[in-house]
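# Survey of secondary and tertiary structure
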Amino acid sequence: MQVADCVFCKIALREIPSEIVYEDDEVIAFKDNQPLAPVHLLIIPKNHLRSLNDVTPEYETLIGHLFGVIQRLVEELGVAESGYRVVTNTGADGGQVVGHLHFHLLGGQALNAKIG
Ligand code: AMP
Ligand code: ZN
């Protein structure tokens with residue numbers, strides 16, 4: 001399901017441009033347009049889930065698949081061994097800006113270790 005005013009749904013539907021690096025029936029990965037590291041991708045389910053809070057048991061297979069896609073991408077990008085970070089910001093205190101579940105994949109440099 002897609003939501004009309006959602007920027008990531010529009011990316012999935014190719015209604016707005018993005019640099020898509022992976023796509024299948026369930027998941028799409030594209031470059032963050034304000035990258036914070038040499039590797040900064042966003043991996044999303046095509047289905048409009050608002051945040052991790054919407055991931056009920058019926059989505060376990062989807063989320064498992066999404067993490068399989070991340071594993072494949074980190075191999076392709078050459079950061080599997082050097083290291084990387086996967087982050088999902090949730091809600092106001094989590095710093096979530098875009099209300100469509102997304103996982104940041106950051107790598108390609110030593111990342112700031114600070115959390116919070
Ligand atoms: P957040 O909701 O805080 O986890 O982060 C949303 C992320 O989406 C930010 O890193 C933005 O740079 C990124 N972003 C927002 N709009 C676009 C877009 N049209 N294409 C690619 N990345 C985007
Ligand atoms: Zn959406």
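In the block above lies the structure referred to throughout.
Overview of the structure. (Residues numbered from 1 in each chain as written. Chains lettered and ligands numbered in written order. Predicted model: local features only at pLDDT ≥ 70, side-chain atom pairs only at ≥ 80, totals over all residues. Heavy atoms only, no water.)

Side chains of nonpolar character tend, in soluble globular proteins, to be buried together. Ranked by internal contacts, the top residues of the largest apolar core, which has 19 residues, are V27, I43, L66, I70, L73 and L105. Elements with a contribution of two residues or more to this core: β2 (27–31), β3 (39–45), α2 (60–77) and β5 (103–107). The element that contributes the greatest number of residues to this core is α2, accounting for seven residues. Setting aside residues up to four positions removed in sequence, I70 forms contacts with I43, V86 and F103. In terms of nonpolar packing, the next biggest core, distinct from the first, is built from eight residues, C6, C9, F30 and I44 among them. (Core = buried A, V, L, I, M, F, W, Y, C linked by side-chain atoms within 4.5 Å. Buried < 20%, exposed > 50% of the residue type's maximum accessible area, 1.4 Å probe, protein only. Helix = DSSP H or I, 4+ residues; strand = E, 2+ residues; numbered from the N terminus. Contact = heavy atoms within 4.5 Å.)

So, on to the coordination of the zinc ion (ligand 2). Bound to the zinc ion (ligand 2) on the protein side are C6 (SG), C9 (SG), H48 (ND1) and H100 (ND1), at distances that span 2.0 to 2.3 Å. Coordination at the zinc ion (ligand 2) is tetrahedral: its four donor atoms span angles of 104 to 116° at the metal. Summarised as a motif, the one-chain spacing of the donors to the zinc ion (ligand 2) is C-x2-C-x38-H-x51-H. Of this pair, C9 sits in helix α1 (residues 7–12) while H100 is found in the loop between β4 (84–87) and β5, placing the two residues 91 residues apart along the sequence. (Donors = N, O, S within 2.8 Å, 3.2 Å for Na, K, Ca; no water. Tetrahedral: all angles 85-135°; square planar, octahedral: opposite > 155°, others 65-115°.)

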